[in-house]
Amino acid sequence: MARKEIVLEGAGWRTQADFYDAFFLAVGSPKTHARNLDALADSICGGQINAVDIPYTLVVRGYERMQEAPRRFVDRVCRILLELQDEGCDIDVRCE
(Lines give C-alpha, C1' and ligand atoms only; values in the text may rest on other atoms or scores of the structure.)
Protein backbone atom coordinates (compact mmCIF):
# COMPACT_ATOMS: atom_id res chain seq x y z
CA MET A 1 0.00 0.00 0.00
CA ALA A 2 1.39 3.40 -1.01
CA ARG A 3 2.09 5.95 1.68
CA LYS A 4 -0.48 8.75 1.81
CA GLU A 5 0.75 12.14 0.58
CA ILE A 6 -0.48 15.53 1.74
CA VAL A 7 0.42 17.88 -1.13
CA LEU A 8 0.60 21.64 -0.61
CA GLU A 9 1.08 24.06 -3.50
CA GLY A 10 3.35 26.75 -2.08
CA ALA A 11 4.57 28.75 -5.07
CA GLY A 12 2.21 31.65 -4.35
CA TRP A 13 2.73 31.81 -0.59
CA ARG A 14 3.77 35.17 0.82
CA THR A 15 3.66 34.53 4.58
CA GLN A 16 3.76 31.67 7.06
CA ALA A 17 -0.01 32.10 7.44
CA ASP A 18 -0.32 30.82 3.86
CA PHE A 19 1.42 27.60 4.92
CA TYR A 20 -0.86 27.17 7.93
CA ASP A 21 -3.97 27.86 5.82
CA ALA A 22 -2.97 25.25 3.24
CA PHE A 23 -1.83 22.64 5.75
CA PHE A 24 -4.84 23.00 8.04
CA LEU A 25 -7.22 22.71 5.09
CA ALA A 26 -5.39 19.63 3.74
CA VAL A 27 -5.44 17.73 7.05
CA GLY A 28 -8.80 18.96 8.30
CA SER A 29 -7.61 20.87 11.35
CA PRO A 30 -10.18 22.43 13.67
CA LYS A 31 -10.68 26.18 13.31
CA THR A 32 -9.28 26.60 16.84
CA HIS A 33 -5.88 25.05 15.96
CA ALA A 34 -3.06 27.29 17.22
CA ARG A 35 -0.70 28.72 14.61
CA ASN A 36 2.70 27.96 16.06
CA LEU A 37 5.28 25.25 15.50
CA ASP A 38 4.78 23.52 18.86
CA ALA A 39 1.05 23.14 18.25
CA LEU A 40 1.72 21.96 14.71
CA ALA A 41 4.12 19.26 15.91
CA ASP A 42 1.73 18.18 18.69
CA SER A 43 -1.21 17.86 16.32
CA ILE A 44 0.79 15.88 13.76
CA CYS A 45 2.46 13.41 16.11
CA GLY A 46 -0.11 13.37 18.90
CA GLY A 47 -2.97 12.58 16.56
CA GLN A 48 -6.72 12.82 17.15
CA ILE A 49 -6.76 16.56 16.43
CA ASN A 50 -6.76 16.70 12.64
CA ALA A 51 -9.08 14.69 10.39
CA VAL A 52 -6.00 13.18 8.69
CA ASP A 53 -3.48 11.50 10.98
CA ILE A 54 -0.01 10.12 10.29
CA PRO A 55 1.49 8.18 8.67
CA TYR A 56 1.84 10.42 5.65
CA THR A 57 4.37 12.35 3.60
CA LEU A 58 4.00 16.12 3.54
CA VAL A 59 4.93 17.37 0.07
CA VAL A 60 5.47 21.10 -0.43
CA ARG A 61 5.49 21.98 -4.12
CA GLY A 62 6.72 25.23 -5.65
CA TYR A 63 9.52 25.54 -3.10
CA GLU A 64 11.99 27.16 -5.52
CA ARG A 65 9.38 29.71 -6.64
CA MET A 66 8.43 30.79 -3.10
CA GLN A 67 9.31 34.19 -1.78
CA GLU A 68 12.11 34.21 0.78
CA ALA A 69 10.01 34.56 3.96
CA PRO A 70 7.69 31.59 3.37
CA ARG A 71 10.61 29.49 2.09
CA ARG A 72 12.52 30.14 5.33
CA PHE A 73 9.43 29.17 7.32
CA VAL A 74 8.98 25.96 5.30
CA ASP A 75 12.65 25.17 5.99
CA ARG A 76 11.93 25.47 9.73
CA VAL A 77 8.85 23.26 9.45
CA CYS A 78 10.83 20.65 7.53
CA ARG A 79 13.63 20.61 10.11
CA ILE A 80 11.12 20.14 12.92
CA LEU A 81 9.30 17.35 11.10
CA LEU A 82 12.56 15.54 10.38
CA GLU A 83 13.50 15.82 14.07
CA LEU A 84 10.11 14.36 14.97
CA GLN A 85 10.72 11.57 12.49
CA ASP A 86 14.03 10.80 14.23
CA GLU A 87 12.07 10.59 17.50
CA GLY A 88 9.70 7.98 16.04
CA CYS A 89 6.88 10.08 14.61
CA ASP A 90 5.73 8.42 11.35
CA ILE A 91 5.97 11.56 9.20
CA ASP A 92 8.03 12.30 6.14
CA VAL A 93 8.47 15.60 4.34
CA ARG A 94 9.63 16.59 0.88
CA CYS A 95 10.04 19.97 -0.84
CA GLU A 96 9.83 20.07 -4.62
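Presented here is an overview of the structure given in this document.

1. As for the packing of helix 1 (residues 16-27) against helix 2 (residues 37-46)
Part 1 of the argument: Between helix 1 and helix 2, whose axes approach to 13 Å, the crossing angle comes to 15°. For the element pair helix 1 / helix 2, the angle class is roughly parallel. Seen from above, helix 1 lies across helix 2 with left-handed handedness. Touching Phe19, Tyr20, Phe23 and Phe24 of helix 1 are Leu37, Leu40 and Ile44, all from helix 2.
Part 2 of the argument: Split into classes, the residues belonging to the contact of helix 1 with helix 2 amount to seven nonpolar, no polar and no charged.

2. Some words on the pairing of strand 2 (residues 56-61)
Part 1 of the argument: Taken across its six residues, strand 2 has five buried, putting it largely inside the fold.
Part 2 of the argument: The pairing of strand 1 (residues 5-9) with strand 2 spans five bridges and is parallel. From the neighbouring strand, Ile6 faces strand 2, where its bridge partner is Leu58.
Part 3 of the argument: In this sheet, strand 3 (residues 91-95) lies alongside strand 2 in parallel orientation, the contact comprising five bridges. Following the sheet pairing, Val60 is matched in strand 3 by Cys95.
Part 4 of the argument: Once you follow strand 2 into helix 3 (residues 68-86) and on to strand 3, the crossover reads as right-handed.

Cut-off values and rules
- Residues numbered from 1 in each chain as written.
- Predicted model: local features only at pLDDT ≥ 70, side-chain atom pairs only at ≥ 80, totals over all residues.
- Heavy atoms only, no water.
- Axes fitted to C-alpha atoms, helices over the stretch in contact; angles between N-to-C directions.
- Helix = DSSP H or I, 4+ residues; strand = E, 2+ residues; numbered from the N terminus.
- Parallel < 35°, antiparallel > 145°, perpendicular 65-115°, else oblique.
- Left-handed = near helix turned anticlockwise from the far one by under 90°.
- Contact = heavy atoms within 4.5 Å.
- Nonpolar A, V, L, I, M, F, W, Y, C, P; charged D, E, K, R; others polar.
- Buried < 20%, exposed > 50% of the residue type's maximum accessible area, 1.4 Å probe, protein only.
- Pairing = 2+ DSSP bridges.
- Right-handed = clockwise from strand over helix to strand, strands pointing away.

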